[in-house]
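Understanding the architecture of this molecule
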Amino acid sequence: MKKWIALLLVAIMAVSAFAGCTTNEQPANTDTPATDAPATNGDNAPATTPDNSNVVVNNTGAERPENAAAEQVVKLFYSDEITDWNPLHPSSAGTWANWIDSLVEYDNYGMCQPCLAESWTKSEDGLTWTFKIREGVKWQRYDGSEYGENVKAEDWVTSAKWILDPANTARTADLLFDMVGAEDYYMALESGTEANWDNVGIKAISEYELQFTLISPCPWFLSRLTYNWGYPTCAKFLDEMGESFGTNNDTILYCGAFLCSQYEPNSYVISTRNPLYWDIDKIHVERIEEKYNAEAGTLAPEALLRGEVTYADIPTDQLDGWMNDPTKKALIRPNRPGSYSYFFLVNFMPTYTERDGLSHEQWLKAANNLNFRKSLYYGLDRIKGIGCYDPYTPEDYELRTITPYNFCAADGKDYPYLDALKAITETEQFQPETAIEYRDKARAELEAAGVTFPIMAYMPYNSESTQQTNLAVIVSQQLEELLGTDYIKFIIEGYPDTDYLSTTRRAGNYSFMMSYWGPDYADPETWTDPFNLGQAYNYIWRADGMATETTKEDPDGRMGRSGYDETYWKDFVYGQKVAEATAETVDNSKRYNALAEAEAWLIDQAFVIPFGVLGGCGYMSSCMNPFESQYAPFGMSDDRYKYQWVYEKPFSTEQYLEMLPVWEAERAERIAYAEANGIDY
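Definitions and limits used
- Residues numbered from 1 in each chain as written.
- Predicted model: local features only at pLDDT ≥ 70, side-chain atom pairs only at ≥ 80, totals over all residues.
- Heavy atoms only, no water.
- Helix = DSSP H or I, 4+ residues; strand = E, 2+ residues; numbered from the N terminus.
- Rg over C-alpha atoms; globule rule 2.2 N^0.38 Å.
- Contact = heavy atoms within 4.5 Å.
- Areas by Shrake-Rupley, 256 points an atom, 1.4 Å probe, with all protein chains shown as cover.
- Lys, Arg positive; Asp, Glu negative; His and termini not counted.
- Charge placed at Lys NZ, Arg CZ, Asp CG, Glu CD.
- Pairing = 2+ DSSP bridges.
- Axes fitted to C-alpha atoms, helices over the stretch in contact; angles between N-to-C directions.
- Salt bridge = Lys/Arg side-chain N within 4 Å of Asp/Glu carboxyl O.
- Buried < 20%, exposed > 50% of the residue type's maximum accessible area, 1.4 Å probe, protein only.
- Core = buried A, V, L, I, M, F, W, Y, C linked by side-chain atoms within 4.5 Å.
- Phe/Tyr/Trp six-rings, centres within 6.5 Å; stacked < 30°, edge-to-face > 60°.
- Arc of directions from axis to C-beta.
- Polar contact = N/O pair within 3.5 Å; in protein donor to acceptor, adjacent residues only side chain to side chain.
- Disulfide = S-S within 2.5 Å.

What follows deals with the overall build of the protein. Secondary structure summary: the protein contains 17 helices and 27 strands in total. Its C-alpha radius of gyration of 25 Å places the protein within 12% of the 26 Å reference for a compact globule of 681 residues. Overall, the C-alpha framework of the protein stretches about 70 × 65 × 55 Å when taken along its three principal axes. Considering only contacts in the protein between residues 6 or more positions apart, those separated by 24 or more positions represent 71%. With the model as given, the accessible surface of the protein reaches about 26,900 Å², and the carbon-plus-sulfur share is 47%. Once the 52 positive and 104 negative side-chain charges of the protein are each reduced to a mean point, those two points are 2 Å apart.

This is the structure in structure tokens:
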């Protein structure tokens, strides 16, 4: 995996070390650079790639590039129908990124920019953030007509109230628990007791001023505002729609760059540029045409050659053909590495049907045995598995920690190289001989505990993904061959993509499976969320000795996961480690190192088996410049088409590799400037 940002962050930290003190109330970043900023920090000062003046790395102004397509239309195939139109739900959350704006957004270098909040300040103690809402932004219907209301501060209060009502099952309520009184309000509603919104630190202090009061300082707070709870919701419209709110393109309101002007289920979704958009000069795409095709993943590459689409991922089983054809090879480039961390989970709350030798009791005895878990940890051939996604350079996407490379840094080190994680990061994790040693230890201990071998393990997979299907076959066969079918046998079963996670991982319907997590905000705490109380991943608190089961009446008790594990627990070992680490909110070095220790413990216990960063594997063909798109590893910004142009032909690998270092250097310069000047980014 490339670690270029890690090196840049080290340099940035060196700059930060010499930064002087700044005022405690910082104005928001603006489209106009500060007078003492480097000239390249201006949005309208594009940088060009070497020897290619027509390819623009940053072109956020309105000047049309010479090689831009005559028709600025994005054309896509899609195979997954929109199943949830409610923008306050996290399902398919990127769907509304172009239709509804958030308080802030990120530019194509990953720097926080004003959006519906035109400016903001924070109090001296870092607890109170006040946002000045942009005036004159209209709520509109899908056809562009005005609804009759402006976007106002109260619209974010409406969103927060809706998300913090357990009855709405928004699944992102915990992202608001940093606000004063928010968790108490949620728990009161959940338990049926009186809930007083006046005690919650989310207020419209005037028509166009929104204020958040935090429990503790949160330097990364801006990064949390681009998730779905950062969307505004018009209370009047919400009341009018009732239960029909968010069921179609005409039951939501719009305030973003595009309007979903036409929609036909299993046919098409057409979004048109919003002529009333407040920042229209930076919206060059005129229309986004998405056509339904059940075989989109397979057929899109050839459709691109015919000009029917402007983007296509190249499936693994077609990649050799494109690589060996000089004409086609010139039209593809590597995907940008994604921000999602993929890992394998050992489940401590199995719910699958006991059949074909599958036994909850037998599996739980095995799962609770550390040597058994480590036999899987050291026995999994990650490179072979990742080859299902990228057979050419799978080693570039291997990940040995849960937190990916280049996400954050402290003490001049990329996070996976902090002291607690360094040995894990630098040690080959596929060790067949070590895996067999742990297998033999586990067998002796488990036989003494009455376990009958082989251990039967249920592994579901997404049958509509060729890569996941191949991965399930390869991983199950590889582990069986190494450890022996007299030790472990897998039963693999495919599930449709629709509600896949709800019917498998969240429901505890598995023994061993691959899953993933993406960051919600710019702090390593975000990578602890899947494994803590309140998430439906592998229910670690149910493992032997990891927590104490209690009752709802116990003031220290917390529910496992509403709707999935409604038992109550306290003294959760991992949760306590995370709580102790995140209690530090000022010194990032102490905070990050403590969180790294918690992550190292989780991996050392083999509760989670890191695998890779699969979202950026493989190759694609696109008429869009990847370095013009908004960039953020969290939230919705990078799903937007702001700043982007459609070009006459797809970008090649050579062009991509020419543009990459230019973008890297410019991003590093902007980050360094922000760090040195105390600007929240």
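There is more to say, and it comes next.
Sheet strands associate in pairs through backbone hydrogen bonding, adopting either a parallel or an antiparallel arrangement. A sheet is described by the order of its strands in space; here 4 strands give the open sequence β3-β14-β13-β12, paired in mixed fashion. Only two strands of the sheet have a single neighbouring strand rather than two, namely β3 (73–78) and β12 (258–264). In this sheet, neighbouring strand axes are inclined to one another by 15° on average, regardless of whether the strands run parallel or antiparallel. Where β12 meets strand β13 (residues 268–273), 6 bridges bridge the pair, whose relative direction is antiparallel. Each residue of the ladder has a partner; that of Cys260, found in β13, is Ser271.

The 3 strands lie next to each other as β15-β27-β16, forming an open sheet whose pairing is antiparallel. On the outer flanks of this sheet lie β15 (311–314) and β16 (333–334), each paired with one strand and no other. As judged from the 4 bridges shared by β15 and strand β27 (residues 619–622), these two strands associate in the antiparallel manner. Directly across from Ile314, in β27, lies its bridge partner Tyr619. Here helix α5 (residues 296–305) sits on the sheet and contacts β15 and β27; the angle it forms with β15, its principal contact strand, is near 125°.

If you walk through the whole model with that rule in mind, you get 33 salt bridges. Among the ionic pairs, Lys282 bridges to Asp279, the shortest N-O distance being 3.6 Å. You can call Asp279 buried: its relative accessible area is 10%. The residue Asp565 makes a salt bridge to Arg542 at a minimum N-O spacing of 2.8 Å. Placement of the pair is Asp565 in strand β25 (residues 565–570) and Arg542 in the loop between β22 (512–517) and β23 (548–550), with a sequence separation of 23 residues. Its relative accessible area of 2% is what places Asp565 among the buried residues. Each of Asp101, Glu105, Asp279, Lys282, Arg640 and Lys642 takes part in salt bridges that share partners, so that together they form one network.

One finds Phe344, Phe372 and Phe512 to be the most contacted residues of the largest nonpolar core, which totals 90 residues. With 8 residues, the top contributor of residues to this core is helix α16 (residues 588–604). Other than its neighbours up to four places away in sequence, Phe344 contacts Leu380, Met459, Leu471, Val475, Phe512, Met513, Met514, Val608, Ile609 and Phe611. Grouped together as the second largest cluster of nonpolar side chains are 82 residues, Tyr106, Ala173, Ile202 and Leu238 included.

Glancing now at the packing of aromatic side chains. A complete count under the given rule lists 46 aromatic pairs for this structure. Ring centres 6.0 Å apart and planes at 65° place the aromatic pair Trp99 and Tyr254 in the edge-to-face group. Of this pair, Trp99 sits in the loop between β3 and β4 (104–106) while Tyr254 sits in the loop between α4 (235–241) and β12, and the two are 155 residues apart along the sequence. Residue Trp99 is classed as buried on the basis of its relative accessible area of 3%. Overall, the relative accessible area of 0% leaves Tyr254 in the buried class.

This part is about helix α2 (residues 154–163). Burial of α2 is extensive: 8 of the 10 residues sit out of reach of the surface. Residues of α2 that are buried: Asp155, Trp156, Val157, Thr158, Ser159, Ala160, Trp162 and Ile163. Tucked into the core, α2 has its buried residues touching β7 (128–133), β8 (138–140), β9 (146–150), β10 (202–206), β11 (209–213) and α4.

Moving on, we get to the side chain of Arg506. Position of Arg506 among the secondary structure elements: in the loop between α14 (500–503) and β22. One buried charged residue, Arg506, forms no salt bridge at all, with the nearest opposite charge on Asp499 at 6.6 Å. If we ignore the near neighbours within four places in the chain, the residues touching Arg506 are Arg171, Leu501, Ala536, Tyr539 and Tyr564.

A few words now on helix α8 (residues 360–367). Among the residues of α8, Gln362, Trp363, Ala366 and Ala367 are the ones counted as buried. Seen from one end, α8 has its buried residues packed into an arc of 130°, which puts them on one side. In the core, the buried residues of α8 are packed alongside β17 (341–346), α9 (370–379), α12 (432–448), β20 (455–462) and β22. Sitting at the amino-terminal end of α8 is Ser359, which places a side-chain oxygen 3.4 Å from the backbone nitrogen of Glu361.

Moving on, we get to the pairing of β10. Of the strand pairs in this sheet, β10 and β11 are connected by 4 bridges, and their pairing is antiparallel. Paired with Ile202 across the strands is Phe212, a residue of β11. Linking β10 to β11, which pair antiparallel, is a turn of 2 residues.

Let's shift gears to the environment of Ser79. One can find Ser79 in the loop between β3 and β4. Sequence separation between Ser79 and Ile314 is 235 residues; the distance between their C-alpha atoms is 15 Å. Those residues in contact with Ser79 that sit more than four places away from it in its chain are Tyr292, Asn293, Ala294 and Ala296.

Another point: the state of the cysteines. Evaluated as defined, the whole model comprises 0 disulfides. There is no disulfide at Cys112, and the cysteine sulfur nearest it, in Cys115, is 9.6 Å away. Given the relative accessible area of 0%, Cys112 is considered buried. Lacking any disulfide linkage, Cys218 is separated from the closest cysteine sulfur, that of Cys112, by 13 Å.

Once that is clear, we can look at the environment of Glu398. As for its position among the elements, Glu398 is in the loop between α10 (382–386) and β18 (409–410). Its relative accessible area of 10% is what places Glu398 among the buried residues. Taking the C-alpha atoms as reference points, Glu398 and Tyr458, 60 residues apart in sequence, are found 24 Å from one another. Reaching out from Glu398, the side chain makes a polar contact with the side chain of Arg400 at a distance of 3.3 Å.

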